[in-house]
Amino acid sequence: MFDITTRDYSILEKYILAGRIKDDSSYFFTLDGRYIVYFRFSGKRFTYSVLNYATEKSVVLAVSRTALSEADYPGLIKKILHCKVYQFVLPAQPQILLEAIFRQLLPEYGYVVRDKQIELSVMMFESMKHKKVALCEAEVGTGKTLAYLVAAIVYGLYEVKERRTSPYAFAGPMNPTPITITTSSIDLQQAIIGKFIPDLSRILMEYKIIQGPVTAVLRKGKEHYLCEERYADFMDYLENSDIFRDVRLYQKLKAKALEQGNIDLDAYTDIKQHVVRKINVPRDCDRNCPYYKKCRYIDHISRAKSDVYTFQVTNHNYYLANAQREHSGLSPLIPKCGVHIIDEAHKLLDAAYQILGQSFPSGLAGEFIRILHNHTNGNKAYHKKAYLLTDDLAFYNQRLFRELEKTLPHDETEESRQKTVKINAAVKKAMRDLQASLDEIYRACFQDIFRCRQLAHLHHEISNGIETFIAPKEIIYWLEKGDDGLWQLTAIPTNMEDRLDDMLWQSAASKILTSATLTDDTGYGFFKEQTGIGKLSPWLLAEIQTPSPFDYNNNTRIYLSDKVPYPDKNDERYIAAVSDEIEKLVEATHGHTAILFTSYKLLSTVHELLKDRITRFPLITMHKGTKNTAEAFRKSINGVLFASGSFWEGVDFPGDILSSIIVVNLPFPVPSPVMEYKKKDFSSISRFIDGYAFPVMIARLRQGLGRLIRSETDTGVVAILDYRLSRWGKYRRRVLGSILGYTLAGSIDEVREFIKSVKDAAYFE
């Protein structure tokens, strides 16, 4: 594609002899075997024209006072591509088009040619074509997003070609069945829809590879959208309230004019979550709603499900909820797609735990009671009886979770949100009493519950929760605090691998799974085992690993401390050693540091020790539930961030803002009911650690280290203070084998000298 030859004199002569081209014309070159460029010299000027000898039409390309040379080929090619005689024809081999896009088109717009990115994209295309499940680990800087978007668009072009007789590009929807892209992070979804797809679409349209823009729609759960019925009810309540804060909220919402504005509630960042929950689309939204025929949310969903869009972009939870519905024979949330691209695939299993699991929140009964009080219709005696019955329900619900709390082990780590509990005789009795109370309310208030869809749904949800947990079979269950601070009883199926295999991998559509961290030091085996992909025939699987193009050897150093004892957050000697090493490293790198902890308790203790010792640089501390920490660190320029939890992945700081990452402990998974269940598959604790805990840890470690180098010019240092990576540590060789490329720094002095050698003067100001 875009090939140039200079051997077609005879073709030009044929047109001259036929009188189609003037006989004083001279041959210049041929493009793609279809377009002959020739010129005439008038004595003063050279006139260059192009002839499409498939259509026998020609146009003037350029006029020049001097003869053009080989160096002018690129400029003339651009003019050919934009002239009216040019018609794009799909090459016989898709790989030719893929290579041309990456090697010839994208570099014109500032993109770097990366051989591994092209190799990745070709492999993704072949997997789409042959309906395979492809595991594509693409380390930081490979350009995996662009790789799968180009592969998907080329796949769509050739799929359309097979359904048409014309060899020319499509006009309109790219393919009969859309393509799903699912990611874990909102930022990536927005980047795909707002940047990658529009930019790529514009480039391909400019080169006439496509005639219409590539389109995409963002899909997410109904709880993100405005329910006009609930909004009207809530505004009516606020308008008639005498409470000052209600009056203020009414004025605030009224000013936003939500009834005419954007129905995506995520667009209104200043509306608090407790308000969003009162006006968003409920779980039981259906055709019985009086607003149904004029509902903007229903219109949005109808359009999103149409064939208008090339790409359906969503998150893992919504994607899995759709797969679960399809597998159960229910109508899908997303149109049937021939290709599923699962980006940030290392987070797929976490999402599966949420979607395929079940939860019974302690607040569910309270929500049922509140709504029943608002919808109780009848005389005073009926009202009194209903209120007495709901008081009983609240009492039995409170007793149930009190009994569950009594079974919590005393030695459980505070870092684990999942608390092991037992469904003992007392808990079962509390559940039966709760169910009996619920049944009594249902008999007494049947008419009110029947008339209110929300009440009927909540009644069903509470009954199902009791049924799931009163005789727990084939589930792993635990107690945990929800985002609202209330307890919830949670469970996941013990056969998660089989469920995912049936629901995802057995379908005919191809699945492209990609992430920077899908393998451990032994390959894809652990990931395939945990997700059920390992059950597939090897003929249906494809695998590739593309290393980062970044120069880690010269641009980074890794320091493994020998001065910190074995991790023990209750040992003062250990805490002191960690604090000393952090202080020295921060000074050596002149701030610009993120310190990654696996324990909020240790984070707070070390921060308390260092807050008066590190005074040259701003200290920023991330606590549970803290928001805008990343933005505060970014604005600090040379700050020191004490972080845990979500900061281990999904945060980007290109440039010098983040030039040092200190990993305090290897991020082994904290004890949990899931881990306890997984231990049963291993003959000993050491085998369990090697076969399960280590692969989980190394994936998270690689995610954490991936925050450091985000571009070709980034430079920085990684320090790991865990004794298990010291010269005497049992995991040193295995971890270093999993994070190849870093040059080892033997001391903090070497770290200091390296930073001095790679940073300019402004960095130290």
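Residues numbered from 1 in each chain as written. Predicted model: local features only at pLDDT ≥ 70, side-chain atom pairs only at ≥ 80, totals over all residues. Heavy atoms only, no water.

1. A short note on the packing of helix H21 (residues 572–588) against helix H27 (residues 748–758)
Helix-helix packing is characterised by the crossing angle of the two axes and by the distance between the axes.
(1) Moving on: At a minimum axis separation of 9 Å, H21 and H27 run at an interaxial angle of 20 degrees. Judged on the interaxial angle alone, H27 and H21 are roughly parallel. Relative to H27, the crossing made by H21 is right-handed. Taken together, the residues of H27 that come into contact with H21 (itself represented by Glu581, Lys584, Leu585 and Ala588) are Ile748, Val751, Arg752 and Ile755.
(2) Moving on: A breakdown of the residues in the contact of H21 with H27 according to their chemical character gives five nonpolar, no polar and three charged. (Axes fitted to C-alpha atoms, helices over the stretch in contact; angles between N-to-C directions. Helix = DSSP H or I, 4+ residues; strand = E, 2+ residues; numbered from the N terminus. Parallel < 35°, antiparallel > 145°, perpendicular 65-115°, else oblique. Left-handed = near helix turned anticlockwise from the far one by under 90°. Contact = heavy atoms within 4.5 Å. Nonpolar A, V, L, I, M, F, W, Y, C, P; charged D, E, K, R; others polar.)

2. Examining the sheet that holds strand E13 (residues 487–493)
(1) Moving on: Here we have three strands laid out as an open sheet, ordered E11-E13-E12, and antiparallel in their pairing. With partners counted over all chains shown, the strands left at the sheet margins are strand E11 (358–361) and strand E12 (475–481), one partner each. Each strand axis lies, on average, 20 degrees off the axis of its neighbour in the sheet, ignoring direction.
(2) Moving on: In this structure, E11 lies alongside E13, joined through four bridges in antiparallel fashion. Bridge pairing in E13 links glutamine 358 to alanine 491. (Pairing = 2+ DSSP bridges.)

3. A short note on the sheet that holds strand E6 (residues 133–138)
(1) Moving on: Read from one edge of the open sheet, seven strands run E8-E9-E7-E10-E14-E6-E15, paired in parallel fashion. Bordering the open sheet on either side are strand E8 (216–218) and strand E15 (541–546), each of which pairs with just one other strand. The mean angle between the axes of side-by-side strands here comes to 15 degrees, regardless of whether they run parallel or antiparallel.
(2) Moving on: As paired elements, strand E10 (residues 339–342) and strand E14 (residues 510–515) share four bridges and run parallel to each other.

4. Here we look at empty space enclosed by the protein
(1) Moving on: Evaluation of the coordinates by the stated rule reveals three cavities of 30 Å³ or more.
(2) Moving on: There is about 100 Å³ of room inside the largest cavity.
(3) Moving on: Residue lining of the largest cavity: 15 residues in total, with Cys227, Glu228, Cys285, Cys289 and Cys295 positioned closest to the centre.
(4) Moving on: For the lining of the largest cavity, the secondary-structure elements that each account for two or more residues are helix H7 (228–239) and helix H10 (296–304).
(5) Moving on: When its volume is computed, the second largest cavity comes out at roughly 60 Å³. (1 Å grid on protein atoms, 1.4 Å probe; cavity = no way out; pocket = protein on both sides within 12 Å on 5 of 7 lines; lining within 4 Å. Points joined across faces, edges and corners; volume = space filled by probe spheres on them.)

5. Some details on the side chain of threonine 490
(1) Moving on: Take threonine 490: it is sitting in strand E13.
(2) Moving on: If we ignore the near neighbours within four places in the chain, the residues touching threonine 490 are Gln358, Ser359, Phe469, Ile476, Tyr477, Trp478 and Glu480.

6. Observations regarding a nonpolar patch on the surface
(1) Moving on: A cluster of nonpolar side chains, namely Tyr442, Phe446 and Phe450, defines an oily patch on the protein surface of about 310 Å² accessible area.
(2) Moving on: Mapping phenylalanine 446 onto the fold places it in helix H16 (residues 446–451). (Patch = residues over 30% accessible without salt bridge, like charges linked within 9 Å, V, L, I, M, F, W, Y side chains within 5 Å. Areas by Shrake-Rupley, 256 points an atom, 1.4 Å probe, with all protein chains shown as cover. Salt bridge = Lys/Arg side-chain N within 4 Å of Asp/Glu carboxyl O.)

7. Things to note about the nonpolar core
One recurring pattern in soluble globular proteins: nonpolar side chains tend to sit buried together.
(1) Moving on: Grouped together as the largest cluster of nonpolar side chains are 72 residues, with contacts concentrated most on Leu97, Ile209 and Phe311.
(2) Moving on: By residue number, the principal contributor to this core is helix H5 (residues 144–162), which donates 12 residues.
(3) Moving on: In contact with leucine 97, not counting residues within four places along its chain, are Met1, Phe88, Leu90, Pro91, Val154, Leu157, Tyr158 and Ile209.
(4) Moving on: Judged by nonpolar contacts, the second largest core, of 69 residues, contains Leu135, Ala352, Tyr552 and Ile698. (Core = buried A, V, L, I, M, F, W, Y, C linked by side-chain atoms within 4.5 Å. Buried < 20%, exposed > 50% of the residue type's maximum accessible area, 1.4 Å probe, protein only.)

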